[in-house]
Structure formats: structure tokens, C-alpha cells
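# Results of the structural survey
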Amino acid sequence: MNNNVPVVQGFAISQQNQNQMSPAPLVVQDYGDNGDNGDNFSGYKGEPQPKKFNDVFFSVLFFAHLIALACVLPASLNAQGDNGGGDGNIGSIVYFVSVCGVFATGLSTVSLGFMMRYANQLVKLALYFQIATSLAMAILMLMAGSIMMAAFCGLSFFISICYAYAVWARIPFAAANLNTALIAVRANLGLTLIAYICLFVGFAFSIAWVTISNAVLNTYPGMAFLLFLSYYWTHQVLSNTMHVTSAGVIGTWWFAPIEASSFCSQAIGDSFRRASTYSFGSICFGSLIVAIVQALRQMNHQMRGNDDARILVCIIDCILGCIEGIIEYFNKWAYIYVGLYGTSRYFMWFVAAMK
Amino acid sequence: MVVISHLVIYLPIPIIIHTRTGYNYLDAGRNVITLFRNKGWTSIISDNLADNVLFMVSMMIGLLTGFVGYLVASLDQNIFADFGFESPGGVGFMFGGLVGLVLSSILLSVVASAVSTVIVCFAESPAEFEVNHPQLSMDMRSAWRSAWPELQVD
């Protein structure tokens, strides 16, 4: 706990550099009512973890599941072969998607600079946007004659106003925070390339998954849960790998900017390698937990057709939605630490957090 | 509704954050209360406000790409001809908007990860930030002071 050498992804900043770091840490002093805290709590630092593969079981399980799917794929393709054809227009669709894709990617990249320039105004605008959306929804619902939904949207409108009022003073900090993040991302723009590759892999997987699930469900309808699980698990793993990689790169930019300030900086490769090797088991584990809840939710959605159990379905959906939100939020922060401090046993945190 | 659900979800986070480092759970809990009082809500609100901006920008990019899709589909009526839709422009708008939304949210999700990472790093290692990125550090510190003028900040 008394480790004060900043360590990012296993490398420590030099001692000489340490000595220059004399500016006092930003600590809010004295809340007036806390006499005994912070006696031996030196800062809020995480500790470096030894380089080793963690939660290996889950990465093995994940790869086993992918291999199983790959084995089923050829048979599924054969089964689907007879109803193909009729899509001679694929060339023009590719053209359409390319035009829109290039435009959207270019605009997104430009928007990074735009957001840096107007961070403060945009944070305010986003609050107004939230308020305006709930008001517009309330009016729409009222016009559609759904009083109940209109009341909910009205409540949401009211809460949005209260929220905006409460957080108004914190806007400059949020804007500075956003600005710092944008500068860090712009310094390592190659990171977005990995994100697009992940998107492409996810897209390819989805297509394969649709083919497989069509074939499997025809013969074994009981496999629906496992198929949904596989779908959500893979997508969660992809997005969390990206999240861990980003956290690693931004952490390196924070502690050792030299290694993380070019389009394809060393930090990007290193972070991605760590995320897909040492930390991959932890990523698979956390993703599996979310995926189980998501798959249960999906199964629950399938029951909607049944009129008798409509209220029950809604209640279950609400509970599962809350659980999903909590676990996703937990993962979000947990994976930042995985990315920053190399590997940490996800399982240990999970048990500790659930106590 | 969104705000309420956020509040419910955010509450246990600081406790969770600190269990990671292998502190004794009770120690971590006590230290976390300090962190929570000092920075907890700031981090959460800052994170949430930045996410709002990213969501809004993503929607805007989706909308603009939708218009491009509308133009492309209107200029070349054959693109969606095989699918039997009545108005190719409308389909172009929807489909283009979807492409824009997905692609921009992928890029902005990297920014969202960066925002959360910056929060954690700022809470844990402000001194290193000061040395490596003095200007940004000054901006964030002064923004912190303007949010809590009554609290002394070193």
C-alpha cells in the first residue's frame, strides 16, 4: 500500500522523474467532520500487478465456445444454401454504405476537434438537449393519448431540470475532463483504428451467428439461451477489450507521454497485446456475467407474446435491466484498473464487491 | 427516470473501485468514504455529463449521415430498388443514419473510455499529470476550484 512509484502497465516511472513531481497532489482539505481518516492511506493509488495470465479458465471457455461455433458453421451454411440468391444488388449497397461510412468517419474525426473547442458549451447544450428530449417525449405521448407515459415523461422532464440545476457548477470540470480525454485520444488516434477493427469483427461474427442460430434452432429449439449467451458474450468481450486497451493507452499518455503521442504509438500495440493476453481472462469473465443477464433478458422478451404474464414479464425485465446496469457500471470502472495497472484478478474484486 | 436509475446504479461504485487494489475490505471501505466525499460525486457527474455530450454528438452525426444517405439514395434510385421500398430516399435516410450512428458511437466510445480513465488518473495521480501535461493540469485544477470555491485545493 505504501507504493508511491507510479506504475502503468508494469513499467515504473524513473526515480529521477519522481523527484520532480513535487507539486502537492490535489487533495481537498478538511471536511470538518472526519477526524480519523487518511491516517495511513497514502493517496489513492492502485498497485501494479505481476504479469501473469488471470482468470484463464474463462478465456479457455470463451475460445472453446468459438471453436464449437466454428464447427457448426459449415453445416449451417449448407442448410441455408438453398434459400440464397436474389441479392444481385449487393454492389450498390456496398457503394451506399461506403459513401455513408466515409462521411460518418470523417465527420466523427472532425467532431473531436470541434468538441475540444466548444467543450464547455457542448456540456451545457447536452443538458438542454436532455431536458428538451424529455419535454418533447411528454408532449408526443400526450398527443398520442397515453396519459400514463406522458406523466412519466413529465416527471423525467422535471428531474432533468433539477439535475441540470444541481450540476451546473460542475460543468467547467466536466468540460476540462472531456477536453483532456479528447486531447489524449487525438494524440493516439490509431486507437480508433483498433475500435473499427473490433466493430468489423463484431459485424462478421453477427452474420455468422445469424446463420448458425437459424440452422441450430430449427433442429434444437432448446438451444436458444446458449445461442443468445454466445452472441452477447462475444460482443461484450469485443467492447471490453477495446475499453481495456483505451484505458491502457490513456494511462500511458498520462504517466509517460513520450510513449503515447503518435498515430500508431507504442502504447497502443502494448495495451492491445496486454488486453488480449494477460487480461483476456478477466475480460471474458466480466463479459460473461453481463452476457448471462442480457441473454436472460432476451429470453424474457420472447415471452412477451403471452398476454397472461405481461406484467410479470415487465417486472422481470425491469429487475434484470437494473442488474445489467449495475454490472456494466462495475465493469466499466473495473476494466479501467485492469487497463491501467496491468492485470488484476477480476474474480477477487467481484467476490469482494458482492460481499 | 434516467437520472434516478443513474443515481441508483452509481451509489456502490466507489466502494467497488477500491476493493481492486487488494486492501483489506474494511480499510478500503473507510478510505473509499474519503474518496467518495472528496471526489466521488464529481467523478460520477463529470463522467455522466461527458457521456451526454458524446451521445448528443453521435446523434448529430447519425442525423447528418442520414441526410447524405438520403441524397445518395435519391440520386441513384436503383440502390434499394430490389428491396421493393416505395421511397428510396426515406430508406436511404434510415440506413445512412444507422451507419453514421454506429460508426460515430464506436469512435466516441473510445473517447468515453478516455474520459473515465482521466477521472481515475486525476483522482489517483495528479502530480504526474502536473509534470507531464502542465497546461491541461492547470485547466482541470482551476475548473475544480471553480466548482468548489469554498474548498481549499493544494
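Only a predicted model underlies this, so the values are computations on that prediction, with no experimental measurement involved.

## So, the overall build of chain A
- Tallying secondary structure elements over chain A gives twelve helices and two strands in all.
- Across the 355 residues of chain A, 37% fall into the buried class.
- A sequence separation of at least 24 residues applies to 79% of the contacts in chain A between residues at least 6 apart.

## Remarks on the environment of Val110(B)
- Its place among the elements puts Val110(B) in helix H4 (residues 88–124).
- For Val110(B) and Asn78(B), which are 32 residues apart along the polypeptide, the C-alpha to C-alpha distance reads 36 Å.
- Apart from the residues lying within four places of it in its own chain, the contact partners of Val110(B) are Val185(A), Leu191(A), Thr192(A), Ala195(A) and Ser246(A).

## Comments concerning helix H11 (residues 310–340) of chain A
- The end-to-end C-alpha distance of H11(A), which contains 31 residues, comes to 45 Å, matching closely the 45 Å that a straight helix rising 1.5 Å per residue would cover.
- If you check which residues of H11(A) are buried, you get Ile327(A), Phe330(A), Asn331(A), Trp333(A), Ala334(A), Tyr335(A), Ile336(A), Tyr337(A), Val338(A), Gly339(A) and Leu340(A).

## Brief notes about the nonpolar core
- In this structure, Val123(A), Leu178(A), Val53(B) and Val111(B) are the most contacted members of the largest nonpolar core, which totals 105 residues.
- Tallying contributions element by element places H4(B) first for this core, with 18 residues.
- Beyond its immediate stretch of four places on either side in the chain, Val123(A) contacts Ile171(A), Ala174(A), Ala175(A), Leu49(B) and Val53(B).

## Looking at the packing of helix H10 (residues 280–302) of chain A against H11(A)
Residue and element names in this part refer to chain A.
- In the contact formed by H10 and H11, the axes pass within 9 Å of each other and the chain directions differ by 165°. Taken together, the axis directions place H10 and H11 in an arrangement best described as roughly antiparallel. The two elements H10 and H11 cross, and the hand of that crossing is left-handed.
- Here the contact of H10 with H11 is built from residues that sort into twelve nonpolar, six polar and four charged.

## Considerations on the packing of helix H6 (residues 171–187) of chain A against H4(B)
- As a packed pair, H6(A) and H4(B) sit with axes 8 Å apart at the nearest point and diverge in direction by 120°. The angle between H6(A) and H4(B) places the two elements in the oblique class. Pair H6(A) / H4(B) crosses with right-handed handedness. Taken together, the residues of H4(B) that come into contact with H6(A) (itself represented by Asn177(A), Leu178(A), Thr180(A), Ala181(A), Leu182(A), Ala184(A) and Val185(A)) are Val110(B), Val111(B), Ala114(B), Val115(B), Val118(B) and Ile119(B).

## What to know about the environment of Phe152(A)
All names here are of chain A.
- With respect to the helices, strands and loops of the structure, Phe152 is situated in helix H5 (residues 147–167).
- A count of 16 C-beta atoms within 10 Å places Phe152 in the partly exposed class.
- Spatially, the C-alpha atoms of Phe152 and Met137 are 9.6 Å apart, while their sequence positions differ by 15 residues.

## Let's talk about the environment of Ser230(A)
Residues and elements named next belong to chain A.
- With respect to the element layout, Ser230 can be found in helix H8 (residues 224–255).
- C-beta crowding within 10 Å serves as the criterion here: with 22 such atoms nearby, Ser230 is assigned to the buried category.
- Counting along the chain gives 61 residues from Ser230 to Ala291, while the straight-line C-alpha distance between them is 7.9 Å.
- Once you skip the residues sitting within four places of it in the chain, Ser230 turns out to touch His65 and Leu69.

## Concerning the confidence of the model for chain A
All names here are of chain A.
- Across chain A, the average pLDDT comes to 78, with 78% of residues at or above 70.
- When mean pLDDT is compared element by element in chain A, H8 scores highest at 92, while helix H1 (residues 15–20) scores lowest at 38.
- pLDDT under 50 marks residues 1–44. Its contacts with residues more than four places away, or in other chains, come to 64 contacts.

## Topic: the confidence of the model for chain B
All names here are of chain B.
- Here chain B averages 71 in pLDDT, and 63% of its residues register 70 or above.
- Looking over chain B, one finds the lowest element-wise mean pLDDT in helix H2 (residues 13–19), namely 35, and the highest in H4, namely 88.
- For residues 1–36, every residue scores under 50 in pLDDT, and the model assigns this stretch 56 contacts once sequence neighbours within four places are set aside.
- For this predicted complex, the interface confidence score (ipTM) comes to 0.79, while the overall pTM stands at 0.78.

Calculation rules
Residues numbered from 1 in each chain as written. Chains lettered and ligands numbered in written order. Predicted model: local features only at pLDDT ≥ 70, side-chain atom pairs only at ≥ 80, totals over all residues. Helix = DSSP H or I, 4+ residues; strand = E, 2+ residues; numbered from the N terminus. Buried ≥ 20, exposed ≤ 12 C-beta atoms within 10 Å, placed from the backbone. Contact = placed C-beta atoms within 7 Å. Expected span 1.5 Å × (residues − 1). Core = buried A, V, L, I, M, F, W, Y, C linked by C-beta atoms within 7 Å. Axes fitted to C-alpha atoms, helices over the stretch in contact; angles between N-to-C directions. Parallel < 35°, antiparallel > 145°, perpendicular 65-115°, else oblique. Left-handed = near helix turned anticlockwise from the far one by under 90°. Nonpolar A, V, L, I, M, F, W, Y, C, P; charged D, E, K, R; others polar. pLDDT = per-residue confidence, 0-100.

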